[in-house]
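For reference, the chains in residue letters:
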Amino acid sequence: MSKLRVYQLAKKLGLSSKELIEKLADLDVEVNNHMSTLEDEEANLVMELFSSDEKGSKKEVNESTEETDLHEETKQKKKKQVNNGKNNKASQQKQDKRNTVDKKALDTKTDDNQEAKAIEINDKIIVKEFAELVKKPINEVITKLIQAGVMAAMNQEIDFETAEKIAEGFGFQVVKKESQVVEDVDDLIIEEDNEEDLKARPPVVTVMGHVDHGKTSLLDAIRETKVTAKEAGGITQHIGASEVKINGKKIVFLDTPGHEAFTAMRARGAKATDIAILVVAADDGVMPQTIEAINHAKAAEVPIIVAINKIDKPGANPDRVKQELSEHGVLIEEWGGDIISVAVSALQGTNIDELLEMILLVAEVEEFKANPNRNAVGVVIEAQLDKGRGSVATVLVQNGTLKVGDSVVIGNTYGRIRAMINDKGKPVRIATPSTAVEITGLNDVPKAGDIMVAVKDDKVARTISENRKNKVKEDQLKASQKISLDALYSQMQEGEIKELNIIVKADVQGSVEAVKQSLNKLSNDKVIIKPIHGGVGAITETDVMLASASNAIIIGFNVRPTSGATSLANKEEVDLRTYRIIYNAIEDIEAAMKGMLDPEFKEVELGKAQVRATFKVPGAGVIAGCYVVEGKILRNASIRLVRDGIVVHEGTISSLRRFKDDAKEVATGYECGIGIDNYNDVKEGDLIEAYKMQEIER
Ligand SMILES: Nc1nc2c(ncn2[C@@H]2O[C@H](COP(=O)(O)OP(=O)(O)OP(=O)(O)O)[C@@H](O)[C@H]2O)c(=O)[nH]1
C-alpha cells in the first residue's frame, strides 16, 4: 500500500478526519492533522482494527465471554508490535501470562463467596478477563471504566491501578501479584558503554551572564536565525529547550538562561550542560553576576565561550571586556588563554553564525559522545501538571534512545511514555542522545534535575519507583552529608575531605580578596582550602545553591543572608557562617582543621523589625519607628542593623516602646519605637535583627 494521508484513510473508513485522529490517539499513534501521512503498518493496523471492532462489539452482545476471540488476540499482538516495537516472543509470553490469570480467574469462581472477595491481579489485565474475575457483565465493566475516564474495549489491557479502582468499586479486595524485585535503576542501567558503541552527539548549551546583558535576546536571535518555520509544522513550542542546526549539525540550547537554574540542577545531581555561553555586554563589562556565572561554570567544570554582546552600541568596548575577564581568570585567546570569544549583537543578529560555529568547534574538541543503541538515560529540564494531559515533563536524553512506549523511572515517578513532542511541537516516536522532548504518561510530576532512566517494562519501573519512595529518607540522609566546619576534622581524618570549598561574601571587594588570600594560606597536606566564589553583598539563594552543588561552606563578613538564603541553607544543610572580623573566621577554620572547633556560643535569632520612619527625640537621640516582621524584639536583645544585606551596626537596644509605654517585648505584626545604644544613623528601610547568644555545651 502506498503511504496514505489521514484524510484519505478516514474517507476509506467512512469517518471524519477528526474521528480518525482520535482513534489513532487511542492506539498511541500521534498525527499532526488531516494531511499527515501514516506509515503502512499504522494504516493497516487501523483498518484491521476498525473493521474488527465493529464485529467485536456485535459479538460482545451475542456471545459468551468465555469464548476466545482469536481475531481480537491477533489484533492485540499487532497493536503491541507497532506501539512497543516488541517482538512476537514477548507478545506470546504476555499471552501465556494472561492465560494463567484466566485460569486463576476461573479458580476463584469456584471459591466460596467470602474468599472470592479477594482477587489477585498482575500489573496489567485484559478487560474481558477482569470482568470474569469480578463476575460482572462486560458492558457493566466497560461502563465503569468509561466513568473512570478509561476508554478500553473488552480485549484491551487496563493497568493495575485502574483494575484496582474498578474492582474495589465492586467490593473486591485487590492484591498485586508478586513482581520480580529490582532494587534500583542504578543497579540496572548505569553500565559503562563500550568505547566502540559511542557516537558523537550534539552539544547542550546554557546561556549565562549579568542581568540585562542580553541572555534572552541572544537565545531569541539564535532561534530566529536558525529555527525558522522551514521545518514542517514549524511552530516553536516552549518545552524548555530548543534545537538549532548549523552546517547540518545540531546544537541544543536550554531555554532558561542564567546560572541559577544551571546550579539548581547541579545541586540535584544532574549535569545537563556541556558548554556555557557567557554573555557580557560590551558597553557594561564584567559585572557581579558575570563573576558569579564564571565561578558557577568553573565549579561545574563546563567549558566557557564568551559572547561579547551589544557591539552595535556606541559605548561598546570589547577589548575592555577581555581585559576585565582576564582579571577574573577567564583568559581569552588574544590574552594568551584558550577561551574563545565572539563579538556579537543579539539585537542586529551580528556574528550569530560565528558563535554557533564556535560552539561546534568546542564540541568537536570536547568530543561529546553517547551510545544511541541502549536504554535511554536523561534528565528532566522542567515539568508540570497539565489540565488536559496530566503530568508533562521535558526531558533531555543524554544517552541511549527514548521511544514512545518505553517504561521509565524518573526520580520517584514512573510511567510508560504515551507521547513525545519535540521543540517544534511535532509528535516524534524516538529521541536520540542530546534531544529534548516533552513526554506524557507519567504517574506523577517529577522535579527539574531528576534523572530519567528507561527500564525493561512497567513492572520494573513501578517496583523501582516504589523502592525509591521507601528509600527517600535514606537518600535524604545521604544527600545531607554536606561539609561543615564542625565535622571537618573527622571527615579529614577519614580521608573523605581533600578540598574545602569556600564561598566568601563581604561588604567590600577588598575584604573578599583579603579573606580568600588568608584562607588559601591555611591549606596543608591533608586539605586544600579552595575559595570557589567571592562577591560583594548579601548572601543570596544563588550562593547557597552553589554551595550545595559544590559542597562548599559560606563565610560572610559584615553581610547577612537574605531570609530566603537562610531557609534554603537549612534545607540544603549548607554551613553558613557570618563574622564581623576576618581574623575570627580564619581562627575558626584553622581550629576546625585541627579538630578543635567547639563553638562555645551560638547565636539564636529572635526576630526582625523593619524601620518605617525615624524620629529625633530630645535626650534620646534617633528613634526608629518599626514594624515587627518576624519573631519578636526583646528589650534586652542584641541587635544588628542591616541595610541592603550589609551589617552597618551591631549593638544593643537603648529603648523599646509601644506608643508611650516601655515594653519588654514586641511581637510580629505590632509597631514599636526602637532606640539603639550610641547609634543615630538609622534609616528608613533598614532591618533591625534581634538575637541573643546561647551557650552551647561542649
Ligand atoms: N543595542 C543592543 N541592545 C541589546 C542587545 N542585546 C540585548 N539588548 C537589549 O538589552 C536589554 C536586555 O536584554 P535581555 O535579553 O532581556 O537581557 P537578559 O540578560 O536576558 O536580562 P535578564 O533576563 O533580566 O537577566 C533589552 O532591552 C535588549 O533589547 C544588543 O546586541 N544590542
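Here the structure is a predicted model, which means the values were calculated and not measured. (Residues numbered from 1 in each chain as written. Predicted model: local features only at pLDDT ≥ 70, side-chain atom pairs only at ≥ 80, totals over all residues. Heavy atoms only, no water.)

Engineer: Mind showing me how you'd approach the packing of helix 12 (residues 259-267) against helix 13 (residues 288-299) here?
Structural biologist: Packed helices, taken two at a time, are described by the angle their axes make and the gap between the axes. One way to put it is that helix 12 packs onto helix 13 with a least axis distance of 10 Å and a crossing angle of 30°. By the angle class used here, helix 12 and helix 13 are roughly parallel. The element helix 12 and its partner helix 13 pack so that their crossing is left-handed. Here H259, E260, F262, T263 and R266 of helix 12 come into contact with helix 13, specifically with Q289, E292, A293, H296, A297 and A299. Residue classes in the contact of helix 12 with helix 13 are distributed as four nonpolar, four polar and three charged. (Axes fitted to C-alpha atoms, helices over the stretch in contact; angles between N-to-C directions. Helix = DSSP H or I, 4+ residues; strand = E, 2+ residues; numbered from the N terminus. Parallel < 35°, antiparallel > 145°, perpendicular 65-115°, else oblique. Left-handed = near helix turned anticlockwise from the far one by under 90°. Contact = heavy atoms within 4.5 Å. Nonpolar A, V, L, I, M, F, W, Y, C, P; charged D, E, K, R; others polar.)

Engineer: Even after reading the chapter, I still don't get the pairing of strand 26 (residues 552-557), so can you show me in this structure?
Structural biologist: The two faces of a sheet get side chains in turn, since along a regular strand they alternate between them. Burial runs high along strand 26: six of the six residues are buried. The pairing of strand 24 (residues 499-506) with strand 26 spans six bridges and is classified as parallel. Within strand 26, the residue paired with V504 across the bridge is I555. Summarising the sheet, strand 26 and strand 27 (residues 576-579) pair through four bridges and their orientation is parallel. Looking at strand 27, one finds that I554 is bridged to L576. For the crossover from strand 26 across helix 20 (residues 563-572) to strand 27, the handedness is right-handed. (Buried < 20%, exposed > 50% of the residue type's maximum accessible area, 1.4 Å probe, protein only. Pairing = 2+ DSSP bridges. Right-handed = clockwise from strand over helix to strand, strands pointing away.)

Engineer: Quick question: what am I supposed to make of the pattern of salt bridges here?
Structural biologist: In a structure, side chains of opposite charge can pair up when their charged atoms sit close to one another. Enumeration over the complete set of coordinates arrives at 29 salt bridges. The closest approach of N and O atoms between R560 and E689, which form a salt bridge, is 3.0 Å. You can see R560 sitting in the loop between strand 26 and helix 20 and its partner E689 sitting in strand 35 (residues 687-695), a full 129 residues away along the chain. Given the relative accessible area of 6%, R560 is considered buried. Of the charged contacts, one joins D662 and R657 as a salt bridge, the two residues approaching to 3.1 Å between their closest N and O atoms. By relative accessible area, D662 is classed as exposed at 61%. The class for R657 is partly exposed, based on a relative accessible area of 40%. Members of the salt-bridge network, linked through shared partners, are R560, R580, E605, R640, E650 and E689. (Salt bridge = Lys/Arg side-chain N within 4 Å of Asp/Glu carboxyl O.)

Engineer: What am I meant to see in the sheet that holds strand 26 here?
Structural biologist: Sheet strands associate in pairs through backbone hydrogen bonding, adopting either a parallel or an antiparallel arrangement. Strand order in the open sheet formed by four strands is 25-24-26-27, with parallel pairing between adjacent strands. Each edge of the sheet is formed by a strand with only one pairing partner; in this case those strands are strand 25 (528-536) and strand 27. Each neighbouring strand pair of the sheet contributes to a mean axis angle of 25°, computed without reference to strand direction. Across eight bridges, strand 24 lies against strand 25 in parallel orientation. The partner of N501 across the bridge, within strand 25, is K530.

Engineer: What's the story with the confidence of the model for the chain in this structure? I'm lost.
Structural biologist: Detailed reading of the predicted coordinates is not advisable wherever pLDDT falls low. With 79% of its residues at a pLDDT of 70 or more, the chain shows a mean pLDDT of 79. Considering each helix and strand of the chain separately, the mean pLDDT is smallest for helix 5 (residues 88-110), with a value of 36, and largest for strand 12 (residues 304-309), with 96. Taken as a whole, residues 52-115 scores under 50 in pLDDT and shows 80 contacts with residues more than four places along the chain or in a different chain. Under a pLDDT of 50 for its full length, residues 228-234 has, in the predicted model, five contacts with residues more than four places off or in other chains. Across the interface, the model reports ipTM at 0.97; the global pTM reads 0.57. (pLDDT = per-residue confidence, 0-100.)

Engineer: Explanation requested: the site of the ligand in the structure shown.
Structural biologist: Surrounding the ligand, one finds 15 residues, the nearest of these being K215, T216, S217, D312 and A346. Backbone polar atom of D212 to an oxygen atom of the ligand: 3.1 Å apart, as the coordinates give it. T216 places a side-chain nitrogen or oxygen 2.6 Å from an oxygen atom of the ligand. Within the complex, the protein chains bury 70% of what would otherwise be the 660 Å² of accessible surface of the ligand. Broken down by element, the residue count for the shell around the ligand peaks at three residues, all from helix 11 (residues 215-226). When its residues are assigned to classes, the shell around the ligand shows three nonpolar, seven polar and five charged. (Near = heavy atom within 4 Å. Polar contact = N/O pair within 3.5 Å; in protein donor to acceptor, adjacent residues only side chain to side chain. Areas by Shrake-Rupley, 256 points an atom, 1.4 Å probe, with all protein chains shown as cover.)

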